[in-house]
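Structure assessment
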Amino acid sequence: MIRATINGKAADFPDGITVLNAARAAGIEIPTLCNDDRLKPVGACRMCLVDIAGSAREAVSCTSLLRDGMVVETHSDKIEAARKWNLRMLAHQYPADAFARFPEKPFHKLASEYGLTQADFALPNGGQIDDSHTYISVDMSRCIDCFACVRICADVQGQFVWHSIGRGEDSHILPDSFGLFGDSSCVSCGACSDACPTGALEDKSVIERGIPTDWVRTTCPYCGTGCEMNVGVREDKIVQVKPVDDAPVSAGHLCVKGRYAFDFNDADDRITEPMVREDGEWRTVSWEDAIAHVAERLSSLKSEYGPDSIAVLGSARATNEDNYLAQKFARVVLGTNNVDCCARVCHTPTAAAMKMMIGTGAATNSFDDIEMARTIMICGANPTENHPIAGARIKQAVINNGTKLIIIDPRKTELTKYADVHLQLRPGTNIPLFNSLAHAIIDEGLADQDFIRDRVTEFEEFRSFVADYSPESVADLCGVEASAIRHAARICASEKPSMSMHGLGMTEHLQGTEGVMCVVNLALLTGNIGIRGAGVNPLRGQNNVQGAAQMGCDPGILTGSIGIEDGRSLFESVWNVPVPATKGLNQLQMVDAAGTGKLKALWAIGYDVFFSNANGHETEKSLRQLEFVIVQDMFMNETAERFADVFLPAATSFEKDGTFMNAERRVQRVRKVFEPRGNARADWEIVCDIAEAMGSGEHFRFRSPEEIWNEIRTVWPGGRGITYERLEQQGVQWPCLDETDPGLEVLHVETFSGSKTAALRRIKYRPTPEKISDEFPFLLSTGRVLEQFNAGTMTMRTPNRELRPTDRLMISPEDSSSLGFANGETVRLESRHGEAKIPIEVTVKVRRGELFASFHDPKIFLNYATGPTRDRFTLAPEYKVTAVRLGKIPKDA
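Calculation criteria
In this numbering scheme, every chain counts its residues from 1 along its sequence in written order. Since the coordinates come from a predicted model, pLDDT governs what is reported: local features require at least 70, and pairs of side-chain atoms require 80 or more to be given and counted, while whole-chain, interface and lining totals use all residues. Here the side-chain values reflect all heavy atoms present in the structure, with hydrogen atoms and water set aside. We call a set of buried residues a nonpolar core when its members are Ala, Val, Leu, Ile, Met, Phe, Trp, Tyr or Cys and they connect through side-chain atoms within 4.5 Å of each other. Type-normalised accessible area, obtained with a 1.4 Å probe on protein chains alone, sets the label of each residue: buried when under 20%, exposed when over 50%, and partly exposed for intermediate values. Here a strand is any run of E in DSSP of at least two residues, a helix any run of H or I of at least four, and the numbering for each starts at the N terminus. Contacts are assigned to residue pairs that have any heavy atoms within 4.5 Å of one another. At least two DSSP bridges between two strands are needed for those strands to be called paired. Any carboxyl oxygen of Asp or Glu within 4 Å of a side-chain nitrogen of Lys or Arg constitutes a salt bridge here. In this description, a line fitted to the C-alpha atoms serves as the axis of each element, helices being fitted only across the stretch in contact, and the angle between N-to-C directions of two axes falls anywhere from 0 to 180 degrees. The definition of a polar contact used here is a pair of N or O atoms within 3.5 Å, where within protein one atom must be able to donate a hydrogen and the other to accept one, and adjacent residues in sequence count solely through side-chain atom pairs. When two rings of Phe, Tyr or Trp (its six-membered ring) have centres within 6.5 Å they constitute a pair, described as stacked for plane angles under 30 degrees, edge-to-face for angles over 60, and tilted for the intermediate range. For a Lys NZ or an Arg CZ to count as sitting over a ring, it must be within 6 Å of the ring centre and within 35 degrees of the ring normal. Residues counted as positive are Lys and Arg, residues counted as negative are Asp and Glu, and His and the chain ends are not counted.

1. Section: the nonpolar core
- Core analysis: the largest hydrophobic core is formed by 97 residues, its most contacted members being Phe329 and Trp603.
- Considering each element in turn, this core owes the most residues, eight residues, to helix H10 (residues 320-334).
- Discounting residues that sit within four places of it in the chain, phenylalanine 329 has contacts with Leu298, Val312, Leu334, Trp603, Val687, Ile690, Ala691, Met694 and Phe700.
- Of all hydrophobic cores here, the second largest spans 55 residues; its members include Ala353, Cys492, Cys518 and Ala523.

2. Some remarks on the sheet that holds strand E2 (residues 9-13)
- A sheet is described by the order of its strands in space; here five strands give the open sequence E2-E1-E5-E3-E4, paired in mixed fashion. Here the strands that pair on one side only, and so sit at the sheet edges, are E2 and strand E4 (59-60).
- Where strand E3 (residues 49-52) lies against E4, two bridges are found, and the strand directions are antiparallel. Paired with leucine 49 across the bridge in E4 is valine 60.

3. Examining unusual backbone geometry
- The amide bond that connects lysine 496 to the next residue, proline 497, takes the cis arrangement and shows omega of 5°.
- Relative to the helices and strands, proline 497 resides in the loop between helix H18 (482-494) and strand E21 (498-502).
- The residue after tryptophan 734, namely proline 735, is reached through a cis peptide bond having omega 0°.
- Looking at the element boundaries, proline 735 is found in the loop between strand E30 (732-733) and strand E31 (758-759).
- Not every positive phi belongs to a glycine, and glutamate 235 is a case in point at roughly 50°.
- By secondary structure assignment, the location of glutamate 235 is in the loop between strand E11 (228-234) and strand E12 (237-243).

4. Quick word on helix H5 (residues 148-157)
- The element H5 is largely enclosed, with a buried count of nine among its ten residues.
- Of all the positions in H5, only Ala148, Cys149, Val150, Arg151, Ile152, Cys153, Ala154, Val156 and Gln157 are classed as buried.
- On its buried side, H5 packs onto strand E7 (162-165), strand E8 (172-175), helix H6 (191-195), strand E9 (201-203) and helix H13 (388-401).
- Phi turns positive one or two residues past the end of H5, at glycine 158, with a value near 70°.

5. Some thoughts on the pattern of salt bridges
- All told, the structure shown has 70 salt bridges when counted by the stated rule.
- The salt bridge partner of aspartate 454 is arginine 453, with a shortest N-O separation of 3.6 Å.
- With a relative accessible area of 37%, aspartate 454 lands in the partly exposed category.
- Judged by its relative accessible area of 58%, arginine 453 is exposed.
- Between arginine 885 and glutamate 830 there is a salt bridge whose closest N-O contact spans 3.4 Å. Linking arginine 885 in strand E37 (residues 882-888) with glutamate 830 in strand E34 (residues 826-831), this pair joins segments that are 55 residues apart in sequence.

6. Comments concerning the sheet that holds strand E22 (residues 535-538)
- Spatial ordering of the open sheet is given by E19-E18-E17-E21-E22, a layout of five strands whose pairing is parallel. The open sheet terminates on both sides in strands that have one partner only, identified here as strand E19 (421-423) and E22. On average, adjacent strands in this sheet sit at an angle of 15° to one another, irrespective of strand direction.
- Pairing between strand E17 (residues 375-379) and E21: five bridges, direction parallel. Its bridge partner lying in E21, isoleucine 376 is registered against methionine 499.
- Against the sheet, H18 makes contact with E17, strand E18 (404-408), E19 and E21, and its axis sits at roughly 125° relative to E19, the strand it touches most.

7. A few points about helix H23 (residues 587-596)
- For H23, every residue scored as buried is listed here: Gln587, Leu588, Met590, Val591, Ala593 and Ala594.
- Those residues of H23 that are buried lie in contact with strand E15 (310-313), strand E16 (339-340), strand E25 (601-605), helix H24 (609-612) and helix H25 (616-623).
- The residue sitting at the N-terminus of H23 and contributing the capping side-chain oxygen is asparagine 586; that oxygen lies 3.0 Å from the backbone nitrogen of leucine 588.
- Following H23 by one or two positions, glycine 597 adopts a phi angle in the positive range, close to 90°.

8. Brief notes about the packing of aromatic side chains
- Going through the model one piece at a time under the given rule, you end up with 21 aromatic pairs.
- Taking the centre distance of 5.2 Å and the plane angle of 85° together, the rings of tyrosine 222 and phenylalanine 789 count as edge-to-face. Here the residue tyrosine 222 occupies a position in the loop between strand E10 (214-219) and E11, and phenylalanine 789 occupies one in the loop between strand E32 (778-783) and helix H30 (800-803), the gap between them amounting to 567 residues.
- Owing to a relative accessible area of 4%, phenylalanine 789 belongs among the buried residues under this scheme.
- Residues tryptophan 716 and tryptophan 734 carry aromatic rings whose centres are separated by 5.7 Å and whose planes lie at 75° to one another, so their mutual orientation is edge-to-face. Of the two residues, tryptophan 716 sits in the loop between helix H28 (705-715) and helix H29 (724-727) while tryptophan 734 sits in the loop between E30 and E31, which places them 18 residues apart along the sequence. Like tryptophan 716, the residue tryptophan 734 is buried in the burial classification.
- Feature note: the residues Phe610, Phe611, Phe643, Phe861 and Tyr864 constitute an aromatic cluster, connected by ring pairs.
- Sitting over the face of the ring of tyrosine 305, lysine 600 holds its NZ or CZ atom 4.6 Å from the ring centroid.

9. Remarks on the side chain of arginine 151
- Relative to the helices and strands, arginine 151 is located in helix H5.
- Although arginine 151 is buried, it makes no salt bridge; aspartate 155 carries the closest opposite charge, 6.0 Å away.
- Sequence-distant contacts of arginine 151, that is, excluding residues within four places in its chain, are made with Cys34, Leu39, Lys40, Val42, Cys146 and Val156.

Given below as structure tokens:
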């Protein structure tokens, strides 16, 4: 500690604190324009000047460290005069109309506080406006050269879009297009607009709709990173979303979806009234009639065909509370374990693999471990597009900390250019590649023998098994140089701690579960588990896909990821009804059972199962056999349009309270911003009303999401310490055993769940049946892109569609040329299972013979072309490998 005097008051301060932050700690506000807690201070604006006794000139407080015995004056007459002079100098070349129109801007507020008026601003009007960007308006006549945009784009997002050109008074700021901002490499994270103190960079929504009058802190409804956001409202409409500076995951940052893709909430085709289909036509009905109709049909089907003739699908977009009641409804009201969610088609292989090997099917570490890692290995994931805030943190760790980066992916992604090694394997060869990494680690004496001795079993058997998977023996199969495999193995084993992060490129395969087991094998071999900066960490795809499964939307588990029989006693004591004993169907089995006539009814909550499932033609045939389909959603999705008998309008996450659970096991609050539109209702309320109508109301008489959460805590020991009161302050990671427990950031520090040791698994390679041939010479992988999200239900109803209007098929220049395709041309893509018409994008990101396409646009409906192959353990579809051919579309077609 150091002792200093500020404005006549002596106090103690921590070592290393700046004068600016010391003054703030003492309750003294020093004005600033360029200072941002997310950035390293540079003192560009000269507004935070202070007097320091013994110093010949004023000091810049944001860059000056406080020293023991220092005497500081923050608002002396001389300092105040200097600040006013600085403001007048800035005003001299600044538009007066902007000062008058936007008084809330930091520069304008500060100028007013120091007595400046419109007369002090020399330019009558602003300069030429650049409105070429979808979301951000640019007026460089309002730039005061604080360089906040340049710094935050470089130091937080790592995009380097904005550049300062020239020196001194001749300097000016330009985007990297050196022209229109809309032509730049901007990824629309909005950080520059957020940091700008003048409005030179401003969100168009604020210009068009006005300044927010109210703000509500909540959690982003998109990917599983779990960013927090402040939602700005004016006249009951969202006009702006800004990042939360003290959010534990996002730390004052958002991506294009969280920041800007909110207009779906009031989209023209939003459905806000219950509807029933009669004679092929939709008819609007009252909630009372809709609920009575649903209750009568479900009760009738249950009576005629038994409880297992009905299935329920929870939603990764819904809250934990919604999903808990969905699975409780299935088990308590219907009496079936036929309940699942979309985790089935993405990371259920991860949960299964990690649970089998180390006892817990969730991330071992936290996002904060990114900055602690010496090596990060990204396996089958594209974080800067699909988990952009985590991706930006990874990028910054590499750029600023020198963190080693290994990319394992068939494509070149943005992070590839920062990688020490890119193992660009052929799709479908994950198992031999990871076995060869294990071989190299053992062969070169890099395995952590101390960790293996204490925490690992079956090492000798594993050593013998991987002897057949040398890098040299699998190099041709995988399409990767043996030397590159060995180089990656050395980095992973030697540059510790080493953190692995994986995505759907690992899970959506015939051997998806086993592929994740291979990732766990590497962590065990190298001792990279149970420590900071390491571990095995799935990047979960949707905002609450981790939570939906954890709440028990899975046929084989109850809330807390406990097996049916293991949890039976506790749940029956809380629910006061028997837990069904019959084995339930997962989502893929539900579709199969519908096709055979075994399943009669399906209730799909917030899940467009038809559009999302692979092998679309077979899915369509099966769903047509159902006698009764309920779709509960915000929009008429493809499942509802083709198959639903009842549509129940659901509230968005902006319209309800609850919690989400992110990829690092953090439970965070979702807060209602405004009331639901029309007659839409929260999912949990709809479930409770139908339970009441079916005679089970006594088990569903909840008055709030908090009451539901408190029941969740009674059946889930690992979440018992997480209360709404605690969540009001900050999200909490599970396991959290009581209200004094801070939550666990790192799992398996001393033991694995239920055991001190874990066994290495010997995973034999089993090639996928999806093989290329003369007839189908290309391998297709599918996935998401930055601007769109999953089924496009939300993002396609926002201006994000201007950024990415439809899906595109990535193809190499060599293949495009040999086929005579032009960039942007729409081609016919055919597989053994179906076809789609899709525009191409010629790019070096994919290799010859390999293709990649996104799947967001129902007009493309790419899943008509994907196949029936499924993971051997969990039945997750193999979206990542489909053999296809390409052809031109005749002009008259």
